[in-house]
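What the coordinates show
If you want the building blocks of each chain, they are given just below.
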Amino acid sequence: MQPYLYTIINSQKLKEILECFYSCLGLPIQALDETGNTLCGFGTATDFCMQFKKLLPDSPKHQNSCRDIHAKASRRAMDLGESYIFSCHANLNHIIYPLVNKDALFGAILVGPFLMEAADSMMLLDIAKRYSLSTENILDLYESTDSVHIITPEKATQISRLLAYTFNHLIPSANRQMDENRSKIVQQSRINESIQMYKSEEPLEESSYPYEKEKLLIRKVKERNVPESRRVLNELLGYVFFQGGSNLSSIRSRSIELCSLLSRAAMEGGANTEVALKISNNFLQDINSTRSQEDLCWQLQRTVEFFIESMFIKASDKNSEVVKNAVQFISQNYNQPITLEDTARHVHLNPSYFSTLFKQSFGSSFKEYLNYIRIEESKNLLTNTNYSIIDIAIAVGFDNQSYFSKVFKKHTGLTPKQYRN
């Protein structure tokens, strides 16, 4: 029966890539199937490995240990979403890169064994203790360590990256899947940081849901600020986990409420109503089949990003990245005296053309959008701080209090003082 890996990758092409890799780096390299068995490879087994296998107890568990370790490392690499450097039961280093297609592990590329420093007594004594080896056995092993390549940790890291560059294009969906896995890990890390933050604060009442953060999230979505929207969303999710633990139904309920609010925010921010409602409906359908907190959080984060994307839909595919870069530049520098010319220069466009492109995408001029961002930030400061109005005006990028008050009243119908009171 043909290995699953060869149903999605041409076997001859894979062999050619492995041979090229081996010829350039001189390190043993193998293609493994999903169970850890070798399909093909280049580079002979080291004397150390052959000596070590002879010393292992004669049982299926120990004789198949290499295969089992490689299979486990493959799955670990898939979970991490990247190459994985690990040490085997013989204390030798390897690098493994998973080959993934549609959430399934089809195989892996294994580089090694190698050492990152010369073998020492500690390495060998650890093996001797684990497998009850004699002094004579250890001496034989020590003499065979010369057969193992030694590379620096820095080079191991570069080889790890090279594996990704070399093999992630072989399976069309693999790169996307790896990126998704990495992003999930990052998101869970941010949520855990938020949980720890809430734990370190004063005990919170059940009713003390951070509505201000919810408002901030809606504002950041309207501003089309993806990084800040992610950050605030994960702080909100951290609170939900902190208060509700691992109650998936509770998290679903809060996610549905957030989705509804975000859908409205996207439409108010310029998204096509039909598109925004479709994004919302897709999320509501997917959420019912979600069986883990991690996937639910990931779906919600992606939905936030989709809502923001929907607000760029007026821009052509060719120009959407330019507009996104401009929005990011504004979000990062709104409190500075930036101009249309500064922003156009940042995205490498003629100011006149950029001005037209920006208005086509947003339905408002660059100046109107910049003032909107500044006013939204000033509303937050007026509500949550005791800073003077002049200090707030300067903090959000206005030259003077008079102009700030004029623009503020135009946007809100109130003066800054009236809004604060």
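Preceding this paragraph is the structure being described.
In this text the structure is predicted, and so the values were computed from the model without any measurement.

Of all 12 residues making up strand β5 (residues 104-115), 11 are buried, and the element is well covered by its neighbours. Here strand β4 (residues 93-101) pairs with β5 via eight bridges, running antiparallel. Bridge pairing links Asn 93 to Phe 114 in β5.

Turning next to the nonpolar core. By size, the foremost hydrophobic cluster in this structure holds 35 residues, and its most contacted members are Leu 217, Val 221, Leu 233, Leu 237, Phe 241, Leu 258 and Phe 307. Among the elements of the structure, α8 (174-200), α9 (211-222), α10 (226-244), α11 (248-268), α12 (273-289) and α13 (293-310) are those that each provide at least two residues to this core. At eight residues, α11 tops the list of elements feeding residues into this core. Excluding residues that lie within four positions of it along the chain, Val 221 makes contacts with Ser 229, Leu 262, Ala 265, Val 304, Ile 308 and Met 311. One finds Phe 366, Ile 373, Ile 375 and Leu 381 within the second-largest nonpolar core, a separate group that totals 30 residues.

Where α12 contacts α13, the axes come no closer than 10 Å and their chain directions differ by 175°. One finds that α12 runs roughly antiparallel with respect to α13. Residue-level inspection shows Val 275, Ala 276, Ile 279, Ser 280, Phe 283, Asp 286 and Ile 287 of α12 in contact with α13, the latter providing Leu 296, Gln 299, Leu 300, Thr 303, Phe 306, Phe 307 and Ser 310. Looking at side-chain class alone, the contact of α12 with α13 contains nine nonpolar, four polar and one charged residues.

A few words on the environment of Ile 279. Within the secondary structure, Ile 279 sits in helix α12. For Ile 279, a relative accessible area of 13% corresponds to the buried category. Sequence spacing of Ile 279 and Ser 310 is 31 residues, and the spatial spacing of their C-alpha atoms is 8.9 Å. Apart from residues no more than four positions distant in its own chain, Ile 279 is found in contact with Thr 303, Phe 306, Phe 307 and Ser 310.

Rules used in this analysis
- Residues numbered from 1 in each chain as written.
- Predicted model: local features only at pLDDT ≥ 70, side-chain atom pairs only at ≥ 80, totals over all residues.
- Heavy atoms only, no water.
- Buried < 20%, exposed > 50% of the residue type's maximum accessible area, 1.4 Å probe, protein only.
- Helix = DSSP H or I, 4+ residues; strand = E, 2+ residues; numbered from the N terminus.
- Pairing = 2+ DSSP bridges.
- Core = buried A, V, L, I, M, F, W, Y, C linked by side-chain atoms within 4.5 Å.
- Contact = heavy atoms within 4.5 Å.
- Axes fitted to C-alpha atoms, helices over the stretch in contact; angles between N-to-C directions.
- Parallel < 35°, antiparallel > 145°, perpendicular 65-115°, else oblique.
- Nonpolar A, V, L, I, M, F, W, Y, C, P; charged D, E, K, R; others polar.

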